[in-house]
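# What the coordinates show
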Amino acid sequence: RMSKVSIRRLLAGQAGSAGQLIAARTWLSQTVGWLSLTSAIGTAALANGLTGEAQAGAFVGSGALVLTALLAFVWSRLRGGSGPLIRPGGKGVVRLALRNAARNPGRSTLTIGLVAAASFLIIALSAFRLGPAESTANRDGGSGGFSLMADSDQPLYQDLGAAAGREELGLSANDSQLLADDTMVSLRVKPGDDASCLNLYQPTEPRVLGVPDEMIERGGFAWSATAATTAEEEKNPWRLLDRPLADGADGEKHVPVILDANTAAYSLHLGGVGKTITVSDGRGGRLVLEVVGLLKNSIFQGDLLISEKAFLAHFPEISGYRFFLIDAPPEETAQIESLLERTLGDAGFDVQSTRRRLIELMAVQNTYLSTFQSLGGLGLLLGTFGLAVVQLRNVLERRGEMALMRATGFRRGLLGRMVLLENAALLVAGLAVGVGAALVAVWPHLWRGGASLPWMSLTVTMALVLITGLLAGLLALRAALVAPLLPALRGD
């Protein structure tokens, strides 16, 4: 753009008016804005029919289109001016600052766009933070409605859910009565590697759990994807564990398996529904498991879940139960946890809140996101110092004008406030556009309760960006206002 300015204008120091050479017209920017906004609405509507990462990507794309539309409208507004300067009232300095911000629409829009794009990315990325539901009573959540989960080092052969079984295990009548109204599900366990995100190593033989019929009939948990084809399977995907599967190309019998989506994607690299994983069976052979369902952010991260019937058929040497799920009222969980660990401590019984387990699992992803958010915030914070360069150029291009204003009675403090307001307007506009577009991208995620935005840290980051940008602008302003008055007037 500078190369298109005439030599006479350059020699006269009028390069600042090069913004008038921008080819785009107001009508074109408005057209781009409305087209982008319409496309954003269409993309958001299309996202409602998608699932998983495709849906998240569609909503982020919709937010990016909103960001484009808002920047186009800002461009159009800056090119159109901000109305008459002289009006009754005491806000002349504010109006003059806004007019100065619009005197170079391209440069101002670029400044707003850089801040807006960075803010959009930081907030949109933070939407992928995970947080457990406030209540574990929801059967469609990551806990499946169970408030407690337990492991035992030694297998238990008695049924914890029956009074006779609790009596055999040594629980007193009062203790047994406390557990009488609670739902307790016992699962068989084939020990193996931890395939959850808490294990830094590549698992080779993940742990396998045998799911009893009562849990299959009970249903529950959140699902990321399933191979359901019937209404019953769609209503309760756990029934897929009883579905007979065709033999593989090698003639091996395939067994249905359900696992957590994060385990399938990142620990085992399976891809999705229909993929297979091979584990050792109880006879020294190999057992092929075919994925028929993927749980979403569940307490079963790291485990392979097959039906108890299939478990007994392929692991006949394993007896007893070593994994337990307990559905108890929240006010009784602490008492039940203490009771079971005290009574069954000899068997290595360890009880844990499902909410605490979910927090531990989600902390891994949240830690990565916090790192990216911190680096992005630091980058945006440092980038605001670049605004000082833009502000310094704006002030230097107008040094003759500002010297004339000083000569006619404007105080340095008043000029400083005017330039500071101009810089603040660009910063606030950039943050507002970026945050607004980001909220469009993350709103569906927030509405469904699948996100846990760190509002406090985001607010602090944006406030630091604003404060740092203003301070950088003040440094640029000070460098310009300390220049001698007479040379600036002569240059004008």
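About the thresholds
- Residues numbered from 1 in each chain as written.
- Predicted model: local features only at pLDDT ≥ 70, side-chain atom pairs only at ≥ 80, totals over all residues.
- Heavy atoms only, no water.
- Axes fitted to C-alpha atoms, helices over the stretch in contact; angles between N-to-C directions.
- Helix = DSSP H or I, 4+ residues; strand = E, 2+ residues; numbered from the N terminus.
- Parallel < 35°, antiparallel > 145°, perpendicular 65-115°, else oblique.
- Left-handed = near helix turned anticlockwise from the far one by under 90°.
- Contact = heavy atoms within 4.5 Å.
- Nonpolar A, V, L, I, M, F, W, Y, C, P; charged D, E, K, R; others polar.
- Buried < 20%, exposed > 50% of the residue type's maximum accessible area, 1.4 Å probe, protein only.
- Arc of directions from axis to C-beta.
- Core = buried A, V, L, I, M, F, W, Y, C linked by side-chain atoms within 4.5 Å.
- Phe/Tyr/Trp six-rings, centres within 6.5 Å; stacked < 30°, edge-to-face > 60°.
- Pairing = 2+ DSSP bridges.

Turning our eyes to something else, we now look at the packing of helix α7 (residues 173-180) against helix α12 (residues 333-343). Running from amino to carboxyl end, α7 crosses α12 at an angle of 130°, the nearest separation of the two axes being 11 Å. Here α7 lies oblique to α12, going by the angle between them. When you trace α7 past α12, the crossing you get is left-handed. Facing Asp175, Leu178 and Leu179 of α7, the residues of α12 in contact are Gln335, Ile336, Leu339, Leu340 and Arg342. Among the residues making up the contact of α7 with α12, the classes are represented as five nonpolar, one polar and two charged.

When we look at burial in α7, the residues that qualify are Asp175, Ser176, Leu178 and Leu179. Along the axis of α7, the buried residues cluster in a sector spanning 155°; they form a single face. The outward face of α7, more than 90 degrees from its buried face, is lined by the exposed residues Ala173, Asn174 and Gln177.

If you look at the biggest cluster of nonpolar residues, it comprises 28 residues, and the most contacted ones within it are Leu67, Phe120 and Val433. Other than its neighbours up to four places away in sequence, Phe120 contacts Val60, Gly63, Ala64, Leu67, Gly434, Ala437, Ala438 and Ala441. One finds Leu209, Val211, Trp238 and Leu295 within the second-largest nonpolar core, a separate group that totals 26 residues.

Attention now moves to the packing of aromatic side chains. Geometrically, a pair of aromatic rings is defined through the distance of the ring centres and the angle of the planes. Overall, the coordinates contain nine aromatic pairs when judged by the stated rule. Ring centres of Phe221 and Phe300 lie 5.3 Å apart, and the angle between their planes is 45°; this geometry places the pair in the tilted category. Taken together, the positions of Phe221 in the loop between α8 (213-218) and β4 (223-226) and Phe300 in the loop between β7 (286-295) and β8 (303-307) put the pair 79 residues apart, joining distant regions of the chain. Here Phe221 and Phe300 have matching classes, each one buried. On the numbers, 5.2 Å between centres and 40° between planes, the contact of Phe324 with Phe349 is tilted. With Phe324 in strand β9 (residues 321-327) and Phe349 in the loop between α12 and β10 (350-353), this residue pair connects regions lying 25 residues apart in the sequence.

In terms of strand pairing, strand β1 (residues 148-156) meets β9 through five bridges, oriented antiparallel. Across the sheet, residue Ala150 finds its bridge partner in β9, namely Phe324. The sheet contact formed by β1 and β10 spans four bridges and is antiparallel. Counterpart to Ala150 in the pairing with β10 is Val351.

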